[in-house]
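Overview (structure and organization)
One letter stands for each residue in the lines below.
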Amino acid sequence: MPAWLVTLGWAVLKASLILGFVLFNALFLVWWERKFAARIQSRVGPQRTGRPFGYLQSMADVFKLLSKEDVVPARVDRWMYVLAPIVIFVPAVLVYVVVPFGPNLIVQDLNIGILYVAAVTSFTMIAIVMAGWAANNKYSVVSAMRAAAQLVAYEVPLVLAVIGPVMLAGTLSLQGIVRAQEGLWYIVVQPLGFLVFLTAGMAELNRAPFDLSEAESELVAGYNIEYSGMRWSFFFLAEFSNLVAVSAIATTLFLGGWQAPWFLPAAVKGLIPPVVWFLAKTYFLVTVIMWIRWTLPRVRIDQLLDFGWKFLLPVSLANIALTGLLFPVLVRLGWI
Amino acid sequence: MVEGDKAQPAMNDGTRQVLEAIRRDHPDWQPEVTRWGEVQLRVGREDLQAVARALRDDHGFNYCPSETVVDYVKEGRFELDVRLFNLDTGAKLVLKSDLPRDDATCPTLAGVWATCKWHEREIWDMFGVRFEGHPDLRRVFLSESFQGYPLRKDFVDARKPRPRLVRQR
Amino acid sequence: MGGARTRPEPQTGARENVIELPVLAEGSVEEISGRTRQRARFRGDFEYPGDDFEGPNVNRWQYLPQTPPVEDLLVEEVREIEGNEREMVMNMGPQHPSTHGVLRCVLGLRGEAITRCRPDIGYLHRCHEKLNELWSYQGTIALSDRLDYLAAMTNELAFVLAVEKLLEIEPTERADYIRVICSELQRIASHLLFFGTTALDLGAVTPFLHSFREREAVYDVFEYISGARLLYNYMRFGGVRTDFPPGTDKKIREVLDLLENRLPEYHDLLSYNPIFAVRTQGVGVLSRDDAIAWGAAGPVLRGSGVAYDLRKADPYSGYEKFDFKVCVEESGDVWARFMVRMKEIEESIKIIRQALDGLPEGDARGQVPRFIKPPPGEVYARVEGPRGELGCYVVSDGSDKPYRCHWRTPSFHHVSLLEFVPVGHLVADVVAIIGSMDPVFGEVDK
């Protein structure tokens, strides 16, 4: 077999695996979010479709969305309207290229992995602005403007929060950062960085309390107000894909990725495969983000920007300085 | 319903003071006392604004819960009915004014109590009483192109019944 | 912003979009309107099938749920102000998730800041006062339920009190107590709903469902008492329709205990949440003078520092017998109006407990004939509904129907406040302000 065919074969296999993972995620997380939110709100959630826990609910949703009419409103900016769902979906999948699911379970271990993540996730906002502008709706335009402001305000602390683990591990490769956490997870020495990353990550995800660009009680549905059916479900897929992506990156950077907890004895570590550890941590973070979403009210746009620029940015800078100061101490202690 | 002798009106202290003050300051106003212990003033529409202003400024009637119109079609008049309340003393007062039906205009009270702006929009909508000097006299419930004033007693709905888009069985 | 682009001109008279509806069977449209075919255009202006009626005084627009023009504000998409500054006009409602029904606010926006706000109402107008003139007094009790459908008990009470004054009858003492209990339970239910919708307007979904859980418990009590959960038709002239069924006392006390346990939970979840505080404090400030002049009532007035509560100021149904506080907040913002309502729940619980303790024996139903013809006269009765002073002005001409019935509804005036309160705030605050006014469109649009 020629080498290019092998490469191509692997590429296709990996791509389909990632795509499968993303789709499965969406199916699972839709169900999980509904059940989880229902429990928080003292409801029972879906339970009829797929008794007894309603596990087929997301399948039913998918079939509903697939069978809906493809409506394009009359006066939209057609090209942008059609492109926006694709533009939002592609980067949501591309992030997974560098996510280390296990010691060898990674599509491509880029040596600038973390920069790649920061670059790719920013695309989401471009798609939101496209969708908001194209729909020719005032609510969606306001939503797009909010999203743009939010992106600028939160991208900076997000990247600065990442610098802490990068300094400690001495590499930009995500796999390298995970391997560096064998002795100790970085959340122990980087609690501030973790919190900043999670907060800014939630803002990037447009999850409550930062879901300003799709604030349903103010802007009806925000940027996807004129979308329906499959086009809308692309936004939905991208949202859940990004949710898992942010949790996975946070796991990788701060929770030791696929590493078992460092304090467990070696015998126990061997029992559970790394990918299970990774997924368990990721879904734990996903659940935490959902928990926050269903508890807090929404902030206002000026308060959001204040929080981003005047609080998170200084804190993340302080975190970098602190990391630099403590680095020799940590090395002497043998923690890293 | 003006009562003089039959029953003792259950006036509260504030109302009693206002009644005395009005009798003292404005002997020409001819206040009456209703069955429910309210002072009632009946004024001509040309005096309405002056009386209202005096009531607000001199007698502390700062709160106007209700302003409405009754259509006495047989007598050929509208009766404007303004309920006033003094939030500090609890005094109650009713301001009445007759408006001829064939010239249904009235000076606005929106400059006296801001809330009358919307009360009068409602009256204009429902009775077609035009309030002179009102800053924003638009219909409030019905569309501007609606014809007629539905709460007038002689209102006839000229519309034909709406066709029903249902198949006959 | 949105309108700055050039838009494609709307296609006028585009025939390709015309969908031919099938000819209907005889005896239907054809006969009535003299038309042979019905057309409806989609993706354009919807043409109502009856628009070419011929007849005197017929305006085709009468048939349409047409939006009344609000001066020039609607026609223009973007308005030039002061040189380069431009203003976007945005319609919030009548179909909007958080305008509490069918309120339409026409907002002038500069960026996201409000420069003008025009509330536009009437989308739920049901000719309520006209119906009052056509229905008998008994029927009007049931009709008044539909006014403020979240506080049906207090609506009925206002009307019943008015007619009782005309008839010169006094309800029995037990009936008075039952009325007080029902009014206060209604106030609790309404304020619980307010709590939930405020949370929802501010983006927190969970408190909404929690408050509805307790509201259901209150409605269970109402169902037990009157047989209905929302629209009770329970008050009668001279009393109430039926006495409390056995076991009501226990049921009500259970609900009160439940509420007292859950209220601190609400405060933990929402009221003292820092995000909630920054979203509400200092937002939508209504000054004391404005509140009085614009006829604000109830919690909106008390939130602006006016201690005016009809239950104290002009007691009815024996409210003077009960010991409770008038809840006042001084700051006049969304937070103040919210806290007034939350404290009122606690005061209502106190009143109900006192009323249950002192509930006298006797007949709860007045000895009033079914068919009444009040003597000619007029009366203005008012009660403190959950939203404020609910007044009912009834004129009788001696017949079995009211000659005129006017409802002074507090929400109507709270909506009028939206003309100036949101100006200078952001779009997100408009939602919070509307929520804090707690309008119910059944009574705004009448």
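Because the structure is a prediction, the values reported are computed rather than measured. (Residues numbered from 1 in each chain as written. Chains lettered and ligands numbered in written order. Predicted model: local features only at pLDDT ≥ 70, side-chain atom pairs only at ≥ 80, totals over all residues. Heavy atoms only, no water.)

**Here we look at the overall build of chain B**
A tally of regular secondary structure across chain B gives three helices and seven strands. When the elements of chain B are put in sequence order from the N terminus, they spell out α-β-β-α-β-β-β-β-α-β. Here chain B holds 169 residues, and 59% of them are scored as buried. Carbon and sulfur atoms form 45% of the exposed surface of chain B, whose accessible area is close to 7600 Å². (Helix = DSSP H or I, 4+ residues; strand = E, 2+ residues; numbered from the N terminus. Buried < 20%, exposed > 50% of the residue type's maximum accessible area, 1.4 Å probe, protein only. Areas by Shrake-Rupley, 256 points an atom, 1.4 Å probe, with all protein chains shown as cover.)

**Section: the packing of aromatic side chains**
Taken as a whole, this structure holds 43 aromatic pairs over all chains when the rule is applied. Residues W32 of chain A and F36 of chain A carry aromatic rings whose centres are separated by 5.4 Å and whose planes lie at 35° to one another, so their mutual orientation is tilted. Here F36 of chain A and W32 of chain A lie together in helix α1 (residues 3–40), a separation of four residues that amounts to about one turn. Owing to a relative accessible area of 16%, F36 of chain A belongs among the buried residues under this scheme. Through pairs of rings, three or more aromatic residues link up here, namely F194, F195, Y266, Y272, F276, W335 and F338 of chain C. Over the aromatic face of F85 of chain B sits the side chain of R382 of chain C, whose NZ or CZ is 4.1 Å from the ring centroid. (Phe/Tyr/Trp six-rings, centres within 6.5 Å; stacked < 30°, edge-to-face > 60°. Lys NZ or Arg CZ within 6 Å of the ring centre and 35° of its normal.)

**Structural notes on the sheet that holds strand β1 (residues 32–33) of chain B**
Residue and element names in this part refer to chain B. Read across the open sheet, the five strands follow the order β1-β2-β5-β4-β3; overall the sheet is mixed. Each of the sheet's edge strands pairs with one partner strand only, and the pair in question is β1 and β3 (63–72). Pairing of β1 with strand β2 (residues 39–42) involves two bridges; the strand directions are antiparallel. Paired with V33 across the bridge in β2 is V39. Those strands touched by helix α2 (residues 48–59) are β2, β4 (77–85) and β5 (92–100), and its axis lies near 170° from that of β5. Where helix α3 (residues 116–127) meets the sheet, it contacts β3 and β4, and its direction lies at approximately 15° from that of β3. (Pairing = 2+ DSSP bridges. Contact = heavy atoms within 4.5 Å. Axes fitted to C-alpha atoms, helices over the stretch in contact; angles between N-to-C directions.)

**Describing the packing of helix α9 (residues 191–205) of chain A against helix α12 (residues 274–293) of chain A**
All names here are of chain A. It is at 12 Å that the axes of α9 and α12 come closest, and there the two elements cross at 65°. In terms of orientation, α9 lies roughly perpendicular with respect to α12. Crossing handedness for the pair α9 and α12: right-handed. Here α9 contributes F194, L198, M202 and L205 to the contact with α12, which in turn contributes L285, I289 and I292. Split into classes, the residues belonging to the contact of α9 with α12 amount to seven nonpolar, no polar and no charged. (Parallel < 35°, antiparallel > 145°, perpendicular 65-115°, else oblique. Left-handed = near helix turned anticlockwise from the far one by under 90°. Nonpolar A, V, L, I, M, F, W, Y, C, P; charged D, E, K, R; others polar.)

**Things to note about the interface of chain A and chain C**
By a widely used convention, the size of an interface equals the accessible area lost when the partners come together. Each partner contributes to the interface: chain A provides 29 residues, whereas chain C provides 41 residues. Broken down residue by residue, the surface that chain A buries against chain C is led by K138, P297 and R300 of chain A, which jointly contribute 21%. Summed over the shared surface of chain A and chain C, the number is two salt bridges. For E112 of chain C, the salt bridge is made with R146 of chain A, and the minimal N-O distance between the two is 2.6 Å. (Buried area = accessible area lost by both parts, 1.4 Å probe. Salt bridge = Lys/Arg side-chain N within 4 Å of Asp/Glu carboxyl O.)

**Some thoughts on the packing of helix α5 (residues 173–201) of chain C against helix α14 (residues 427–437) of chain C**
Residue and element names in this part refer to chain C. Across the interface, α5 lies against α14 with an axial gap of 9 Å and an inter-helix angle of 175°. One finds that α5 runs roughly antiparallel with respect to α14. Of the residues in α14, those in contact with F194, T198 and D201 of α5 are V431, G435 and S436. Of the residues assigned to the contact of α5 with α14, the class counts are two nonpolar, three polar and one charged.

**Focus on α1 of chain A**
Look at α1 of chain A: 53 Å from first C-alpha to last across 38 residues, which is about the 56 Å you get at 1.5 Å a residue. A positive phi of about 50° marks S42 of chain A, the residue just after α1 of chain A. (Expected span 1.5 Å × (residues − 1).)

**What to know about the pairing of strand β6 (residues 113–120) of chain C**
Residues and elements named next belong to chain C. Pairing of strand β5 (residues 104–110) with β6, which is carried by seven bridges, proceeds in the antiparallel orientation. Each bridged residue has a counterpart across the sheet, and for G108 the counterpart in β6 is R116. The hairpin formed by β5 and β6 contains two residues between the paired strands, and G111 there has a positive phi angle of roughly 65°.

**Comments concerning the confidence of the model for chain B**
Taken residue by residue, chain B gives an average pLDDT of 81. The fraction at 70 or more is 89%. Across residues 1–7 of chain B, confidence stays below pLDDT 50; counting only partners more than four residues off in sequence or on other chains, it has eleven contacts. (pLDDT = per-residue confidence, 0-100.)

**Re the nonpolar core**
By size, the foremost hydrophobic cluster in this structure holds 160 residues, and its most contacted members are L55, L93, L95 and V129 of chain B together with I121, F159 and I252 of chain C. Sorting elements by how many residues they give to this core places α5 of chain C first, with twelve residues. With near-sequence residues (within four places) excluded, V129 of chain B lies in contact with V69, F78, L99, A104, T105, C106, I123 and W124 of chain B. The next biggest cluster of nonpolar side chains, apart from the first, holds 71 residues, and it includes V93, L184, M290 and L330 of chain A. (Core = buried A, V, L, I, M, F, W, Y, C linked by side-chain atoms within 4.5 Å.)

**Comments concerning helix α3 (residues 137–145) of chain C**
Residue and element names in this part refer to chain C. α3 sits mainly inside the fold: eight of its nine residues count as buried. Along α3, the residues classified as buried are Y137, G139, T140, I141, A142, L143, S144 and D145. Contact partners of the buried residues in α3: α2 (128–134), α4 (152–167), β7 (235–236), β10 (388–396) and β11 (402–408).

**So, the environment of E79 of chain B**
Turning to its location among the elements, E79 of chain B is positioned in strand β4. The class for E79 of chain B is buried, based on a relative accessible area of 3%. Measuring from C-alpha to C-alpha, the distance between E79 of chain B and E120 of chain B comes to 13 Å, with 41 residues separating the pair along the chain. Among all residues touching E79 of chain B, those that are not within four sequence positions of it are R42, T68, V69, V70, Y72, K96, S97 and D98 of chain B together with E378 and Y393 of chain C. Engagement of the side chain of E79 of chain B in a polar contact is seen with the side chain of R77 of chain B, the distance being 3.2 Å. (Polar contact = N/O pair within 3.5 Å; in protein donor to acceptor, adjacent residues only side chain to side chain.)

**What to know about the sheet that holds β10 of chain C**
Residues and elements named next belong to chain C. With respect to topology, three strands assemble into an open sheet ordered β9-β10-β11, the strand pairing being antiparallel. One side of each edge strand has no neighbouring strand; the edge strands of this open sheet are β9 (377–385) and β11. Between one strand axis and the next, the sheet turns through 15° on average, direction left out of account. Pairing geometry for β10 and β11, over six bridges, is antiparallel. Across the sheet, residue V395 finds its bridge partner in β11, namely R404.

**Examining the confidence of the model for chain C**
Residue and element names in this part refer to chain C. For chain C, per-residue confidence averages 79 on the pLDDT scale, and residues scoring 70 or more make up 81% of the total. Mean pLDDT across the elements of chain C ranges from a minimum in strand β2 (residues 39–41), with 31, to a maximum in helix α12 (residues 334–357), with 91. Under a pLDDT of 50 for its full length, residues 1–77 has, in the predicted model, 128 contacts with residues more than four places off or in other chains.

**What about the state of the cysteines?**
All names here are of chain B. What the rule picks out here adds up to zero disulfides over all chains. Cysteine C106 is unpaired, with the sulfur of C116 as its nearest cysteine sulfur at 10.0 Å. Overall, the relative accessible area of 1% leaves C106 in the buried class. (Disulfide = S-S within 2.5 Å.)

**Here's the deal with the environment of L296 of chain A**
Its location among the elements puts L296 of chain A in the loop between α12 and α13 (301–333). Put simply, L296 of chain A and R179 of chain A are 117 residues apart on the chain and 36 Å apart in space, counted from C-alpha to C-alpha. Sequence-distant contacts of L296 of chain A, that is, excluding residues within four places in its chain, are made with P209 of chain A together with G203, A204, N273 and I275 of chain C.

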